[in-house]
Amino acid sequence: MKNALTVQAAEKSDISAIHKLLSIYAEKQIVLPRSEADIEYYLGNFVVARLDEELCGCCAVRDFGGDLLEVRSLVVAPRLEGKGIGRALVEAIIAGLKVKRKKFCLFALTYRTGFFRKLGFHPAVKEMFPQKIWTDCANCPKKDHCDEQALIFQYDGE
Ligand SMILES: CC(C)(COP(=O)(O)OP(=O)(O)OC[C@H]1O[C@@H](n2cnc3c(N)ncnc32)[C@H](O)[C@@H]1OP(=O)(O)O)[C@@H](O)C(=O)NCCC(=O)NCCS
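Conventions adopted
Residues numbered from 1 in each chain as written. Predicted model: local features only at pLDDT ≥ 70, side-chain atom pairs only at ≥ 80, totals over all residues. Heavy atoms only, no water. Phe/Tyr/Trp six-rings, centres within 6.5 Å; stacked < 30°, edge-to-face > 60°. Buried < 20%, exposed > 50% of the residue type's maximum accessible area, 1.4 Å probe, protein only. Pairing = 2+ DSSP bridges. Helix = DSSP H or I, 4+ residues; strand = E, 2+ residues; numbered from the N terminus. Axes fitted to C-alpha atoms, helices over the stretch in contact; angles between N-to-C directions. Expected span 1.5 Å × (residues − 1). Arc of directions from axis to C-beta. Contact = heavy atoms within 4.5 Å.

**A word on the packing of aromatic side chains**
Here is step 1 of the chain: Throughout the structure, instances matching the rule amount to seven aromatic pairs.
Here is step 2 of the chain: Centroid distance Phe116 to Phe121: 5.0 Å. Interplanar angle 75 degrees. Geometry classified as edge-to-face.
Here is step 3 of the chain: When its relative accessible area of 4% is taken as the criterion, Phe116 is described as buried.
Here is step 4 of the chain: Residue class for Phe121 comes out buried when judged on its relative accessible area of 1%.
Here is step 5 of the chain: One aromatic cluster in this structure is built from Phe104, Phe115, Phe116, Phe121, Phe153 and Tyr155.

**Regarding the sheet that holds strand β1 (residues 5–9)**
Here is step 1 of the chain: Strands sit in the order β1-β2-β3-β4-β5-β7-β6 across an open sheet of seven strands; the sheet is mixed. A strand with exactly one partner marks an edge of an open sheet, and here the two such strands are β1 and β6 (122–124). Direction aside, neighbouring strands of the sheet carry axes that sit 30 degrees apart on average.
Here is step 2 of the chain: Strand direction decides the pairing type here: strand β5 (residues 104–110) and strand β7 (residues 149–155), joined by seven bridges, are antiparallel. Residue pairing across strands places Cys105 opposite Gln154, the latter belonging to β7.

**A word on helix α1 (residues 15–26)**
Here is step 1 of the chain: With twelve residues, α1 extends 16 Å between its outermost C-alpha atoms, agreeing within 8% with the 16 Å of an ideal straight helix rising 1.5 Å per residue.
Here is step 2 of the chain: Listing the buried residues of α1 in full gives Ile15, Ile18, Leu21, Leu22, Tyr25 and Ala26. The buried residues of α1 occupy one face: seen down the axis, they fall within an arc of 140 degrees.
Here is step 3 of the chain: Its buried side turned inward, α1 meets α2 (36–41), β2 (46–51), β3 (54–65) and β4 (68–76).

**Points about the side chain of Glu70**
Here is step 1 of the chain: You can see Glu70 is positioned in strand β4.
Here is step 2 of the chain: Glu70 sits in the buried class, given a relative accessible area of 3%.
Here is step 3 of the chain: Ignoring any residue separated from it by four or fewer positions in sequence, one finds Glu70 in contact with Ala60, Val61, Arg62, Phe64, Leu106, Phe107, Lys132 and Asp136.

**A few points about the pairing of β5**
Here is step 1 of the chain: Buried residues dominate β5, accounting for seven of its seven residues.
Here is step 2 of the chain: Of the two faces of β5, the one carrying Phe104, Leu106, Ala108 and Thr110 and the one carrying Cys105, Phe107 and Leu109 are both buried.
Here is step 3 of the chain: When β4 meets β5, the two strands line up parallel, connected through three bridges. Pairing of Glu70 across the sheet is with Phe107, part of β5.

Taken by themselves, the reported measurements are silent on function.
Here it is as structure tokens:
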């Protein structure tokens, strides 16, 4: 069928395609680079979008504990941006979390604030997320001049 979009848990056979897609934006310093080994290790955190069987987007969630989680490694193939694929990926992550948790706080550090606001995220201050600052951010080339915005999505069972 033409233009059938699906979002599912990532499989081992998706690793190379996920890596390729992330690399496009990692080279532009829009997302953090991830090796194939790292993607494989955290594969259970990923969902992937397919359009007519072709992997066209991915998104991962990282659990910091204490009901604090991060949306990360969210990318859509450049030629397919603006078609609802990013929304489908983040909504799948949120739907999965709602099944497993009574409450959670999901955050993103991003340049795409308009996109996240459309999905119900609200602006936040980065200092709310110390674990993130001291792990990934410590190794990020932009750590001393980070211009990404923090946004959060809060769920408390309603
Ligand atoms: C950000 C990204 C994942 C969005 O995916 P996408 O498939 O292009 O977005 P969608 O088509 O699902 O957009 C969902 C909604 O957000 C809106 N939107 C998207 N970008 C927007 C922006 N910059 N400002 C305002 N609204 C925006 C869309 O209009 C759409 O609204 P609607 O559902 O009411 O029609 C994609 O553009 C991408 O891969 N960007 C590069 C990597 C990146 O920045 N990743 C985020 C790192 S945290």
